[in-house]
Each structure stands twice: as C-alpha cells, then as structure tokens.
Amino acid sequence: MGDVSEVKLFGTWSGSPSPTKRVEIALKLKGIPYEFIQEDLGNKSESLLQYNPVHKKVPVLVHNGKPIAESAIILEYIDEHWKYAPKLLPEDPYERAMVRFWANFIDEKLRSRALVMSEGEEKAKLIKEYIENICVLEEGIKRDFSGKSPFLNGESPGYLDLVLGSSACSHRAIEEIVGAKLIMPEIHPLFFAWVTAMKNHPVVKETLPPHEGLLNHVLKYKQRTLELLNTKA
Amino acid sequence: MRPHQSFERLAINIGDERLPKNNKRDRLMATDEVILIGFRGGPFSLIVEWALKLKGVEYEYLDEDLFNNNKSPMLLQYNPVHKKVPVLVHNGKPVAESLVIVEYIDETWKQYPLLPDDPYDRAVARFWAKYAEDKCKTAAFSVFATVGEAQENATKEAREILKTFEKGLRGKFFGGETIGFVDVVAGWIAYWIGVIEEITGINIVDKETMPLLSEWFQNFLDVEIVKERLPPRDKLLEKNKIFREQLVAAST
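Given the structure is predicted, the values throughout are model-derived calculations rather than measurements.

Right, let's talk about the overall build of chain A for a bit. For chain A, the helix and strand inventory stands at 11 helices and four strands. Computed over its C-alpha atoms, the radius of gyration of chain A comes to 18 Å, within 12% of the 17 Å expected for a compact globule of 233 residues. When its C-alpha atoms are laid out on the principal axes, chain A stretches across 55 × 45 × 30 Å. Within chain A, residue pairs in contact and separated by at least 24 positions form 71% of the contacts whose partners lie at least 6 positions apart. Separation between the mean location of the 30 positive side-chain charges and that of the 32 negative ones in chain A comes to 2 Å.

Moving on: the confidence of the model for chain B. The predicted coordinates of low-pLDDT regions are not to be read in fine detail. Residues and elements named next belong to chain B. Chain-level statistics for chain B give a pLDDT mean of 89 and a share of 88% at 70 or above. Segment residues 1–29 is flagged for pLDDT under 50; beyond a separation of four residues in sequence, or across chains, it makes 45 contacts in the model. Complex prediction metrics read pTM 0.89 and ipTM 0.91.

All right, on to the UniProt feature "domain: GST N-terminal" (unreviewed entry) in chain B then. Feature annotation in UniProt assigns "domain: GST N-terminal" (unreviewed entry) to the following positions: residues 32–113 of chain B. Secondary structure within residues 32–113 of chain B divides into 34% helix and 21% strand; the distance between the first and last C-alpha atoms comes to 19 Å.

Time to look at the UniProt feature "domain: GST C-terminal" (unreviewed entry) in chain B. On the UniProt side, "domain: GST C-terminal" (unreviewed entry) is annotated at positions that read residues 118–243 of chain B here. Measuring from the first to the last C-alpha atom of residues 118–243 of chain B gives 43 Å, for a span that is 74% helix and 0% strand.

Moving on to the packing of helix α7 (residues 188–200) of chain B against helix α8 (residues 211–222) of chain B. Residue and element names in this part refer to chain B. Axis separation between α7 and α8 bottoms out at 8 Å; the angle between their running directions is 115°. Considered as vectors, α7 and α8 are oriented roughly perpendicular to each other. Like other packed secondary-structure pairs, α7 and α8 cross with a definite hand, here left-handed. Only Trp216, Phe217, Phe220 and Leu221 of α8 make contact with α7, whose side of the interface consists of Ile189, Ala190, Tyr191 and Ile193.

What follows deals with the sheet that holds strand β1 (residues 7–11) of chain A. Residues and elements named next belong to chain A. The four strands lie next to each other as β2-β1-β3-β4, forming an open sheet whose pairing is mixed. Strands at the two margins of the open sheet, each flanked by one partner only, are β2 (35–38) and β4 (66–69). Averaged over all pairs of adjacent strands, the angle between strand axes in this sheet comes to 20°, irrespective of strand direction. The sheet contact formed by β1 and strand β3 (residues 60–63) spans four bridges and is antiparallel. Directly across from phenylalanine 10, in β3, lies its bridge partner valine 60.

A regular strand places its side chains on the two faces of the sheet in alternate fashion. Residue and element names in this part refer to chain B. Note that strand β3 (residues 87–90) and strand β4 (residues 93–96) share four bridges and pair antiparallel. Following the sheet pairing, histidine 90 is matched in β4 by lysine 93. Counted along the chain from β3 to the antiparallel partner β4, the turn is two residues long, and its residue asparagine 91 has a positive phi close to 50°.

Our focus in this paragraph is the domain arrangement of chain B. All names here are of chain B. Along its sequence, chain B is organised into domain 1 (3–108) and domain 2 (119–251). For the pair domain 1 and domain 2, the summed buried surface comes to about 2,000 Å²; carbon and sulfur atoms form 73% of the total. Looking at the side of domain 1 facing domain 2, the largest losses of area belong to Trp50, Phe67 and Leu99, adding up to 33% of the total buried there. Counting every contact that joins domain 1 to domain 2 gives two salt bridges. A salt bridge links glutamate 103 to arginine 126, with the nearest nitrogen and oxygen atoms 2.9 Å apart. Between the two partners, domain 1 and domain 2, sit five residue pairs in polar contact (both at pLDDT 80 or more). Mapped by element, the contributors of at least two residues to the side of domain 1 that touches domain 2 are α1 (44–54) and α3 (98–108).

Reading the values: the criteria
Residues numbered from 1 in each chain as written. Chains lettered and ligands numbered in written order. Predicted model: local features only at pLDDT ≥ 70, side-chain atom pairs only at ≥ 80, totals over all residues. Heavy atoms only, no water. Helix = DSSP H or I, 4+ residues; strand = E, 2+ residues; numbered from the N terminus. Rg over C-alpha atoms; globule rule 2.2 N^0.38 Å. Contact = heavy atoms within 4.5 Å. Lys, Arg positive; Asp, Glu negative; His and termini not counted. Charge placed at Lys NZ, Arg CZ, Asp CG, Glu CD. pLDDT = per-residue confidence, 0-100. UniProt positions renumbered as here; feature names shortened; annotations may be inferred. Axes fitted to C-alpha atoms, helices over the stretch in contact; angles between N-to-C directions. Parallel < 35°, antiparallel > 145°, perpendicular 65-115°, else oblique. Left-handed = near helix turned anticlockwise from the far one by under 90°. Pairing = 2+ DSSP bridges. Domains from an automatic or database assignment. Buried area = accessible area lost by both parts, 1.4 Å probe. Salt bridge = Lys/Arg side-chain N within 4 Å of Asp/Glu carboxyl O. Polar contact = N/O pair within 3.5 Å; in protein donor to acceptor, adjacent residues only side chain to side chain.

Listed below in structure tokens is the structure:
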C-alpha cells in the first residue's frame, strides 16, 4: 500500500512466545514494514520509558512517532489504520464482541506462568484448572466460532488467533515442563485442530521459535525465577 | 426463566449517516429487544446503562439479587463462563463484560459515538479504558476489602493509580469537552470512590493531590443522563457496609 509511514516495534527477545509475537505476526500478515527494537527488560531503554511511561512494558508500536501500548489495542489499531485484507477482526459487531470476550478469557484464565513455576499439590491443582479452562474454551469455539475454519478468524489468522496463538503454540514446551498433557485431541478436538493450523501457517511458523527454543526459554525462565526467589529467602 | 416484558419499539439507524435523523424512513418499526441483566448494588451495570441512555436505546433492566449471592437462571444461561453481571442480551444474543458490551453498543447504535473516529485516538481511549478496568477497579476494591497494613498499602497504591489515571483527561472529560468512551467506562469511579471513602473512613482522592480528577468527578456526576441512573447513596452505603463486614470477617 502506498502508505509511506514509519513503524517501529519495541519488543522482547525473540525467543519467547510473548505478546510481542502477536504484533509481529499481524504486521507481517498485513505486509507492513517495521523496525524491530529489541528491549532488554532488565535494562529498559529511554525510548521505551518515554513511549510507555504508564506501564513501561513491551510491546509498544510507534507509528510516525506516536506510541500505542498493549498488544490487543495495537492489533485493533493495525486493523483500523491499515484497513485492507487480511482483516484481523470480523465486520459484524456481535462477532467482534465474541472475539473480544474470548481474548479477555484467554488473557485471564490461560496464563501459563504460575503453572510452570508450581510444584506438588499446587501444580496438580493448577493443571486441573488449566485443562478445565481449555474445556471451556473448546465449548466456546464450538458455540461462537462454528462457521470459522481453519482459524477463529476464518481463512487467515486474526486478532483472537494471535492473542491465543502466541502462548497456545508453546503448549508442548509447557506440557514437558509440568509433566502432563494439557491439550488432548480426544477431549479438545476443535482446539487441537486449531493449534495444528496455527503451527503450520507459514507466517506464524517463521515468527514463533521452534519447540526446542521454546522449551529452553521456558526452562531458563523457571530457573531464573527460582534463583531469584532463593536469593531473596 | 423470567418472562420478558413487552417489546419496546426502537428507531434504528439504518447505517446511512447522510439521512436526516428524524426521517420517517429511518424509523423502521423493527422491534429490537434489549435486556440488561445487572446489579444496582455494585458499580458496573451503570457503565452499560449510561452507554445505552446516551444513545437513546430503550432497554429492559433486570436486577440480580447478588447481595444474597442468588444468581438467576437467566444470568447463568446468558453468561455461563463467568456467571457475572452486567450482561446485555440483544435480540436473544448475549454479550458479557462491560468493556466488550460498550464497544458492542457503540458499533451497533451509531448515534452519539462514544469512541472517536481516528484510529490513533481510539487506541488512546481503549488504553485508558483498559487502565480503568484493570488498575482502578482492583485498586478501589482492594482499599474496600482490606484492613490494617494491607489497607494502608492498598490506599497508597490506589492513590498512585488514580493520579496516573488523571493524565488521561483531555479537557473537561476523558472524551474532551463532551463525555466519551472512557468517561462511560470509568465514570463509576466518580460516584463509588466517595462511597468507599465513607464506608472505610479513608481518603483516597482529594482536591489538593488530584485537582483535575476531582473536578472530573463533579463534571461527570452533573451530566443529566449520569445523574438519572445513580442508585440512592444511603442504600448503597447501608448494603455495602454489611458486605464489607462479611468480606473482612471472611479474610481474618
């Protein structure tokens, strides 16, 4: 598109399935050229602090000098400014409401951090909860996205696929670390089919790190956090 | 299942903004059924009521008996995932979560737009709406639900969060000179901070540290549509005092 504009994306180290990935995939799907600025979260740049003074977090999209923070908000912005296909959100208000509702559910109920860090009884409880929440999501996909295939957005991944995708695609790494299956094709057939479609999408595949990279990243994160806790105790 | 009351007739915008508003053709006498399942003892149903009122949308309001934790079958049917209010049911189709509902309302009924036109301005509005939802809500509730040192810490944090929130003001309101998306979504703060302050005896927002936000409280509560829907303060105080006692007793 003849839109001469400058797009910068401030994000985390590319080895992690973070919210930054959601934005990267969206920009690539729309063919929007951007400059990626890698932030060291232990040593945040002046620019990041200037562009996101409230939260001081990544990702931040800076479009012609104007910053937008929060991955979900950035995705909506991308779809509203670069209006051409592929659309990231549906046109119909009710469908959009379903997309936003489930994006919130995912952000609230399908966080793997606590699960990865847990041990023993706590871990067993969190595993059970996580699987239950995947079941709720499976029901939701069946009820609210029945016409959409192979992605929740239809032919091409969209907002909800990206919100869910960046963490769902690392489920194998998480399963290996907690030592339990979380997503099972017998119990979650729709979700499982969706994960497969996401992992095989060329843009998603090239942007997300491979299984070994993900596994290492999650293991390293766990180790680092445990070290921090031990030094504090 | 509660019986629905009679359908309200509703003038709907047929999507062509060039047509004059009072054109008879516009008032296609289509019946549009809008139900709001809410709870007047808490703040969040107000968000949806204000959005509907600003747009002149007729709706039926059903109050849940949440002080007794008595959820209706209708609520459980329409929000099976979270079982929470508010829930908007439009022609039988449910939408849950206040921010999701307000965006749905804004996209469905085009009169009195809540979000601005420009994508960047919309992103900024969504940012502050999310901040109000994620941060202000938790902060206010923490002060309400705690005692002692925990409450002191919660109060300090709440003040910082609200001081930051003040930065989102674009003039008289978050929407500029007239109320917009963020005002509707966060306006409950203007009424409820006072309620929380009275029940807990703690000062959270004052004119010296947050002059602009204090002024916004006044300006927002002065808006006719806002005023009309506010539940009586004494009732709120009475019920929530008891609720707080229960919360505190449960945690100690």
